[in-house]
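# Observations on the three-dimensional arrangement
What follows is each chain in one-letter form.
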Amino acid sequence: MFISKWKEALICLKAGRVTLPYPFVPRPTAEGFRGQPEVDGRRCIGCGECATVCPPRLITLVDDGDSRALKVDYSRCTYCARCADVCPEKAIRLGNNYELATSQKEDLTMTVNLKMANCSLCGKPFAPERLLRKTGEKLTGGEFGQEAPEWLSWCPECRKTKQAKALGGVEAKDHV
Amino acid sequence: MLKLIFIAVINLAVTLALAPLLDGFMRRIKAVVHSRQGPPLLQTYYDLFKLFGKEDMEGAGGVIFRLAPVVCLGSVLLAALFTPMGGPAPLGFGGDLFLLVYLLSIPGIAIMLGAMSCGSPYAMLGASREMMLVLTVEPILLITLFTAGIKADSLVLADLSGWTLTHGWSISAVIAGLALFLSLQSELAKLPFDIAEAETEIMEGPFVEYSGPKLALFKWALYAKMVIYISLFLEVFLPWPKTGILAADLLSNLVKVFIVIGLVELIELVNPRLRIDQALNYFKGVAVLALVGLAFALMGL
Amino acid sequence: MTREELTRKLTEHLGKALPAMSTAGNMLLVKIKAEDLPTLAGYVFNQLGARLITTVGTDRTPLTGNYEVSYLFSFDRADLFLSLKVEIDPANPVIESVTPVIPGADWAEREVRDLIGVVPKNHPDPRRLVLADDWPEELYPLRKDFPYDYKPPQATVAGPRMKKAPEQATVMTVGPFFPTLEEPAYFRLFVEGERIVGSDYRGFYSHRGIEKLADTVLDYNKITFLAERICGICGFVHSCCYCQAVEAAAEIEVPARAKYIRTIMLELERLHSHLLWLGLAGHIIGFDTVLMQSWRIREQLMWLTEQITGNRKTYGMNLVGGVRRDIPEKLQPKIKEVLAKVESESRQVVEAIAGDTTLLMRLQNVGYLSAADARSFCVVGPTARASGVDIDSRRDHPYAAYPDLQFTVPVYNEGDTWARTLVRLDELFVSIDLVRQALGRLPGGPIMAENTEVPPEREGLAVVEAPRGECCHYVLTGTDRPERWRVRASTYPQLQAAPSMFANQTVADAPIIIGSIDPCFSCTERMETVDVESGKLRVYTREELLKAGRAGCKGGDSRA
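In this text the structure is predicted, and so the values were computed from the model without any measurement.

What counts, and at which threshold
- Residues numbered from 1 in each chain as written.
- Chains lettered and ligands numbered in written order.
- Predicted model: local features only at pLDDT ≥ 70, side-chain atom pairs only at ≥ 80, totals over all residues.
- Helix = DSSP H or I, 4+ residues; strand = E, 2+ residues; numbered from the N terminus.
- Rg over C-alpha atoms; globule rule 2.2 N^0.38 Å.
- Contact = placed C-beta atoms within 7 Å.
- Nonpolar A, V, L, I, M, F, W, Y, C, P; charged D, E, K, R; others polar.
- UniProt positions renumbered as here; feature names shortened; annotations may be inferred.
- Pairing = 2+ DSSP bridges.
- Axes fitted to C-alpha atoms, helices over the stretch in contact; angles between N-to-C directions.
- Domains from an automatic or database assignment.
- pLDDT = per-residue confidence, 0-100.
- Buried ≥ 20, exposed ≤ 12 C-beta atoms within 10 Å, placed from the backbone.

## Focus: the overall build of chain A
Counting its regular elements, chain A contains five helices and six strands. Going residue by residue from the N terminus, the α and β elements of chain A occur as α-β-α-β-β-α-β-β-β-α-α. Rg of the C-alpha trace for chain A: 26 Å, well past the compact-globule value of 16 Å for 176 residues, more than 25% over. Taken along the three principal axes of its C-alpha coordinates, chain A extends 95 × 40 × 30 Å.

## Considering the interface of chain C and chain B
One frequently used descriptor of interface size is the decrease in accessible area upon assembly of the parts. Contacts between the two partners involve 25 residues from chain C and, on the opposite side, 25 residues from chain B. Those elements that place two or more of their residues in the side of chain C that touches chain B are strand S8 (170–174), helix H7 (256–284), helix H8 (288–309) and helix H10 (357–363) of chain C. If you tally residues by element for the side of chain C that touches chain B, the top one is H8(C), at five residues. Partitioned by chemical class, the residues of the side of chain C that touches chain B number eleven nonpolar, nine polar and five charged.

## Focus: the UniProt feature "domain: NADH:ubiquinone oxidoreductase 30kDa subunit" (unreviewed entry) in chain C
Summarizing the sequence annotation, UniProt attributes the feature "domain: NADH:ubiquinone oxidoreductase 30kDa subunit" (unreviewed entry) to residues 30–150 of chain C in the numbering used throughout. End-to-end, the C-alpha atoms of residues 30–150 of chain C are 35 Å apart, and along that stretch the chain is 17% helix and 30% strand.

## Remarks on the sheet that holds strand S9 (residues 186–192) of chain C
All names here are of chain C. Sheet architecture is open: three strands sit in the order S8-S9-S10, paired in antiparallel fashion. Two strands close off the open sheet at either side, each with one partner strand: S8 and strand S10 (195–202). Shown here is a sheet whose adjacent strand axes are inclined to one another by a mean of 25°, direction ignored. Here S9 pairs with S10 via seven bridges, running antiparallel. Opposite Phe-187, over in S10, you have Tyr-201 as the bridge partner.

## A few points about the interface of chain B and chain A
In this assembly, nine residues from chain B lie in contact with ten residues from chain A. For the side of chain B that touches chain A, the elements supplying multiple residues, two or more each, are helix H1 (2–33) and helix H10 (246–269) of chain B. Class assignment of the residues belonging to the side of chain B that touches chain A gives a composition of five nonpolar, three polar and one charged.

## Concerning the domain arrangement of chain C
Residues and elements named next belong to chain C. Under the domain assignment used here, chain C contains domain 1 (3–161) and domain 2 (210–495). Taken over C-alpha atoms, the centre of domain 1 sits 27 Å from the centre of domain 2. Counting residues at the interface gives 21 residues for domain 1, matched by 25 residues for domain 2. The set of elements that each furnish at least two residues to the side of domain 1 that touches domain 2 consists of strand S2 (27–32) and strand S3 (51–59).

## So, unusual backbone geometry
A cis amide bond links A:Tyr22 to the next residue, A:Pro23, at an omega of 5°. Along the chain, A:Pro23 falls in the loop between helix H1 (2–15) and strand S1 (37–39). Residue A:Lys90 is not a glycine yet carries a positive backbone phi of 50°. Residue C:Cys378 is not a glycine yet carries a positive backbone phi of 60°. Residue position: C:Cys378 is located in the loop between helix H11 (371–376) and helix H12 (381–385).

## Brief notes about the domain arrangement of chain A
Residues and elements named next belong to chain A. You can read the domains of chain A as domain 1 (29–116) and domain 2 (119–176). With nine residues of domain 1 in contact, the opposing surface of domain 2 contributes eight residues. The element that contributes the greatest number of residues to the side of domain 1 that touches domain 2 is strand S5 (residues 109–118), accounting for three residues. Looking at side-chain class alone, the side of domain 1 that touches domain 2 contains four nonpolar, two polar and three charged residues.

## A word on the confidence of the model for chain C
Residue and element names in this part refer to chain C. With 93% of its residues at a pLDDT of at least 70, chain C reaches an overall mean of 86. Counting contacts from residues 527–540, a segment whose pLDDT is below 50, to residues more than four positions away or on other chains yields 16 contacts. With pLDDT under 50 throughout, residues 549–560 is counted as low confidence; its partners more than four residues away or in other chains account for five contacts. Scoring of the predicted complex yields 0.88 for pTM and 0.86 for ipTM.

## Considerations on the pairing of S9(C)
Residue and element names in this part refer to chain C. For S8 and S9, the ladder comprises five bridges, and the chain directions are antiparallel. Across the sheet, the residue bridging to Val-174 is Phe-187, located in S9. Between S9 and S10, which pair antiparallel in sequence order, lie two residues; one of them, Gly-193, sits at a positive phi of approximately 65°.

## So, the environment of C:Ser294
Residue and element names in this part refer to chain C. Inspection of the secondary structure puts Ser-294 in helix H8. By C-beta crowding, Ser-294 is classed as buried, having 27 other C-beta atoms within 10 Å. Placed 24 residues apart in sequence, Ser-294 and Asn-318 show a C-alpha to C-alpha distance of 28 Å. In this structure, Ser-294 is in contact with Leu-275, Leu-278, Gly-279 and Val-349, ignoring residues within four places of it in sequence.

This is the structure in structure tokens:
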């Protein structure tokens, strides 16, 4: 019994002091750590892929006239990094910051505003300019030739109408 | 007379002002064994300060509930005046041994009464555990001191100390001292015998309804009690070294108190909390040991 | 026992042909008539020695017009599951209770009643289990016509219906908030002096309806992450178990490397969980040195998993069809190094406490659970193995890489808290060995299946041995998302056995008895930590909180 007690008391000799003087000295994170999500607004093309995969559904796309807002409310973030995985432009990454406590909930939100492009046929805003430009870049050089295809600047409705017309059908009713 | 007043002031100062330091010292030892940084040495002072700064809630009980912490600390301070802490006891007189034992049982009773007045089932259970412990452990204190008294043929604490100094240890004194040391852990409400409080079982038991300054008074009283019990144990059974120079004696007593409290903390660190029935069984054993010591003393050994 | 044998025996016992039968993986699905359920369930449980896993209630009214209740059994030594499925007419939603025959069915049947509205007739304890006390009657959240975001009106007064204490006994409450319970749970102990003469339990305070969320809003891969957050300790078990259930239903072949990575993560999780438990157990009985030292050892594992997965706990590794992150070659020496350190340091702690007589005094002969009780409450994991019930889903229903690995399953017969401790301590070293084996044999290749399409109307059942015992996920697939997802955490059966462990113990033992089953209330109750956006956010000021707290103090029953 006393040997046991003795051993228990002496475990600390080998172990030493292990707790850190946190928060006075910050603790570095491991490589690939999933901390505070960071959105690079300059790279975001507003495709919304992140919004579709986000498990807590905290990324939302709000279209308002000629601008699209990508809203991130990471007070509900679960740091799964699915958004970073699927982002085609690598505009989202999960950074190293894990000290997110705040008394202002607004500190934990982020909005990226993107300018919308207008449909070259009907003039309605339908997709972020950057998204179209990126898509155009990807499409050029291949089967589409050096120029981005013309239909890229048409909104989905106009595309449908055009297609219907090309197929010899009647004009879609809902499109004015 | 002046010297006695001086000693009285010293005793009160040591019990009141130094007691939280003892707790801080225990917490440092605890941190080392736990492999962690631990709080600053003065943390207990900060804690008390913080508690005193909190709002004084009326709480669940009535007058008894409010008075219990004051009575508790008051009786401990009074006891400090009867306890020799290096120098002679400021208020020593014939038969003061019994008075001291009485005084030392008042804190426990105050805690019990305060707990019962608030009506929480946790406090009730804590109070009943406290009662059982007091009833088993206080007699051991009495028997061991009485054993020393028989040898010294006096019931004045100063004589007990003096006799040990001049005659050294007798068989009965060794046995009685051992018995007292074995029950010290419970007197100080330390593991494995902090059964009455048992944070993880009954949420600090008797103190469950206390908060703020009242809780601070209780805590302070318990820290102060540690100084008194340990000084008493040291004076009666381990009075060396005594130089006769007051300052040196006071200092040596303090050093010894810190050593004993370190031991107590180490025992606390390597034990889980016992159940009340297991603890009572243990103390029955210690009581028998104390009685053996008494028997030896009666036989003149 | 083979599938054919089981079918023959069931038919023989029933005396007539089974109405409908099919198989899904290693699960035999038998559709039976409601009146045959008690006799068949009793036969399967008592004569054939099967263990009831749980029951699943599903609202199939849009498709078949009926409710369905499945009783899921496991034949542990045969790697065979049996699902006895009963169709119930919504006009008369009553089913004969099997709890009198199988005590372990108690909660499961009450849960089906609460969530689907199928009433178990002659149930010995028909009180509400899952739903809040102020939830309106006749409102069943898992029915398909119930909107997931519906909020019933707030009730004014509601308290749990608790059992009456026996005469002369005082009521000691442990919970709903208690220092040693990290989560809300409400035990009422009826005590005479220090001795416990009876107990009652009210839980499910953390029930947040994630199963509803899964079959209305989320999709297959989102649920993986929701499942991971069911538990803060064994989250990977849940996400892995969910993925395996979907993979079983959709017959997705997971690449070997992904299976091995899952195994490694599962065992690392068991290691940290057991060390965490050891510390907590020490803390409960006041032994903080054990707490600090075992958590110190555990911390190295947390840092290791942070390096492997990017997070110390919620690993986020799983997706349906495989895993997201590989374990790179350069990390392997690091893993081995940490394992070696954890092994030697755990050994040191185990050796120190093994001979500690005061510790043994607190743990031996405390919270005894007999093998018979363990079986009748369908207890799983270390709690079962400490009572001599030799079950371990890693061996009995092999999944991931376990079929390729060699390991022993520690079993003790004492049935007390100390035996449960020993099982976990032994398992520490088994797990370390398993991680080493898996690392040594880690195959190459992809970590994600190519085709992860999930066809609708398939059933899948998966079990994973969580640190606390077998965890079970059941999935009935639908379009884009499951039609029904049912989670049965390992604490679910263990908690039902708690009253029999309390028998003749003292109040002082109650916390360590509860602790000894390593309870995880949020798992059991399927909590979601992130609320669905309500749109409204109420912020309480300090004064309001103080006021509310004090009103509670004065009106509370502290004097009662």
